[in-house]
Amino acid sequence: MSKSFVPLSLPINDNVVNQHSMIHLLIEANKHIVQYETLLENTKINKNIFLNLIIKQEAVQSTKIEGTQVTYEDVLEVEAESKRTNQDVQEVLNYYETVMEAEEVLQQLPISTRLIRRLHLILMSGNVRGASRDPGEFRKVQNYIGNRESATFIPPAPPVLEYMTNLENSINNPNDSFDELVRIAIIHAQFETIPPFLDGNGRIGRILIPLYLYDKKVISYPNFFISDTLERDKHKYYRYLNDTRYKSDWNQWITFFLNAVNTQAKKNITLIKDINILYEETLQAAQKLINSSNINQVITAIFVTPVFRANTISKNTDVSIATIRRYLTILEENKIIFSNARQRNKTYYFYELLDVIRG
């Protein structure tokens, strides 16, 4: 492989993608997304708490695809100030901030080259790998997937604005008869085929998935991520993307993508149900141990940050630090939460929730 790839121009002809052959999978995926959305609206805890938990888990999984060695617990420990940050954790925190910012930016801008560049600037800010490689700017030099001598893919030669403009037009003015899930599968593959930046393309491309579905009103919140599923099959993920380029095998890729969507929707359904059950059980257990209406606030705050310090819970509940420490001691004695047993600046862990989220 020695030549830069020249991507096709969107839209893809209907005779290239056989949507009819995927109809059963499309019905299943859309059905489970609706079921997930319904459960989210009726969750026992505030849906924003649930969304915050899964966005952080998404941030971990999406950066893990890129080779970072960080866990969900690592990120929460840094946020709780019980561990110093490092590049891997900072990349996860940047991803989280980018996702949170994306919804706000979308209120001001359509999904466009301008929006994408703005998100990339946030993703690559601070002391992270790639921070010196033109954050927020489309690349002006050739890049390679893998080593230059043995690249598995040589992306299009710069400038890439023409390709990104074509992608932007396809997003906002689609000229095909495809289902929105099929469209975002094509859009994601096209973005990764262009890749417009010198670094961070995979993460931005995966953030665009829920952002697009939210913009098209397929979901009510830009929070439906599939990185967890993709990370488990990442070599298949890369291979099928490459097959769209060199074999024009779009049906294989789209089928894989739809299966990932369906799998993730079902996992999210199970996750909401499990968190609802855990919340009710934990609240009931705590109420038996502590006869105070404040305990409801405390348990809710622990679900927001399952790795925490006493001052965090006090701040988030307006309950005095002395009272919080007394409550936490009781909860720890009864093995509802656990701590690192330090005398000062003790960090607590709500492992049952962590286990549910980590799957």
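Residues numbered from 1 in each chain as written. Predicted model: local features only at pLDDT ≥ 70, side-chain atom pairs only at ≥ 80, totals over all residues. Heavy atoms only, no water.

**Some details on unusual backbone geometry**
Here L10 and P11 are connected by a cis peptide whose omega angle stands at 10°. By the secondary structure assignment, P11 is in the segment before helix 1 (23–41). Backbone torsion omega between P158 and P159 reads 0°, so that peptide bond is classified as cis. In this structure, P159 sits in the loop between helix 5 (113–123) and helix 6 (161–172). (Helix = DSSP H or I, 4+ residues; strand = E, 2+ residues; numbered from the N terminus.)

**Focus on the layout of surface pockets**
Vacant regions in the atomic arrangement are exposed by a probe of water-molecule size rolled over the atoms. Considering only enclosed or pocket space, the largest pocket measures out at about 720 Å³ in volume. Lining the largest pocket are 27 residues, with E66, I145, E192, G202 and Y238 sitting closest to its centre. Those elements giving two or more residues to the lining of the largest pocket turn out to be helix 8 (201–215) and helix 10 (234–246). The element best represented in the lining of the largest pocket is helix 10, accounting for six residues. Its residues placed into classes, the lining of the largest pocket shows nine nonpolar, eight polar and 10 charged. There is about 300 Å³ of room inside the second largest pocket. Around the second largest pocket, the lining comprises 18 residues; the ones closest to its centre are D228, Q264, N268, L271 and I357. The element contributing the most residues to the lining of the second largest pocket is helix 11 (residues 250–289), with six residues. Looking at the lining of the second largest pocket residue by residue, the classes come out as five nonpolar, seven polar and six charged. (1 Å grid on protein atoms, 1.4 Å probe; cavity = no way out; pocket = protein on both sides within 12 Å on 5 of 7 lines; lining within 4 Å. Points joined across faces, edges and corners; volume = space filled by probe spheres on them. Nonpolar A, V, L, I, M, F, W, Y, C, P; charged D, E, K, R; others polar.)

**A look at empty space enclosed by the protein**
For the structure on display, the rule yields two cavities of 30 Å³ or more. One number sums up the size of the largest cavity: a volume of about 60 Å³. Forming the boundary of the largest cavity are L10, P11, I12, S170, D176, F178, R183, I186 and I187. A total of three residues in the lining of the largest cavity trace back to one element, the largest contributor, which is helix 7 (residues 180–193). Considering only residue class, the lining of the largest cavity consists of six nonpolar, one polar and two charged. Of the pockets and cavities examined, the second largest cavity occupies roughly 30 Å³. When residues of the lining of the second largest cavity are traced back to their parent elements, those giving at least two are helix 4 (87–106) and helix 8. Tallied by class, residues from the lining of the second largest cavity come to seven nonpolar, no polar and one charged.

**Quick look at the packing of helix 3 (residues 72–79) against helix 4**
At a minimum axis separation of 10 Å, helix 3 and helix 4 run at an interaxial angle of 85°. Taken as axis vectors, helix 3 and helix 4 run roughly perpendicular relative to one another. Contacts from D74, V75, V78 and E79 of helix 3 reach helix 4 at V89, V92 and L93. For the contact of helix 3 with helix 4, the per-class residue count stands at five nonpolar, no polar and two charged. (Axes fitted to C-alpha atoms, helices over the stretch in contact; angles between N-to-C directions. Parallel < 35°, antiparallel > 145°, perpendicular 65-115°, else oblique. Contact = heavy atoms within 4.5 Å.)

**What to know about the side chain of S314**
Following the sequence through the fold, S314 ends up in helix 13 (residues 310–317). A polar contact of 3.5 Å, which involves the side chain of S314, links it to the backbone nitrogen of I321. In this structure, S314 is in contact with V319, S320, I321 and I324, ignoring residues within four places of it in sequence. (Polar contact = N/O pair within 3.5 Å; in protein donor to acceptor, adjacent residues only side chain to side chain.)

**What about the nonpolar core?**
Ranked by size, the top nonpolar core spans 117 residues in total, and within it W253, I254 and F303 carry the most contacts. No other element matches the 17 residues that helix 11 contributes to this core. The residues touching F303, leaving out its near neighbours within four places in the chain, are I45, I49, L53, I275, L278, Y279, T282, F350 and L353. (Core = buried A, V, L, I, M, F, W, Y, C linked by side-chain atoms within 4.5 Å. Buried < 20%, exposed > 50% of the residue type's maximum accessible area, 1.4 Å probe, protein only.)

**Quick look at the pattern of salt bridges**
Per the stated rule, a full pass over the model turns up 20 salt bridges. In this structure, the salt-bridge partner of E73 is R358, at a minimum N-O distance of 2.9 Å. With E73 in helix 3 and R358 in helix 15 (residues 351–358), this residue pair connects regions lying 285 residues apart in the sequence. Connected through salt bridges with shared partners, the residues D88, E91, R129, D199 and R203 form a single ionic network. (Salt bridge = Lys/Arg side-chain N within 4 Å of Asp/Glu carboxyl O.)

**A few points about the sheet that holds strand 1 (residues 307–308)**
Read across the open sheet, the three strands follow the order 1-3-2; overall the sheet is antiparallel. Looking along the sheet, the strands with just one partner apiece sit at the ends: strand 1 and strand 2 (338–339). Examined bridge by bridge, strand 1 and strand 3 (residues 348–349) share two bridges and lie antiparallel to one another. When the sheet's bridge partners are listed, F308 is paired in strand 3 with Y348. (Pairing = 2+ DSSP bridges.)

All we've got here are geometric facts, nothing functional implied.
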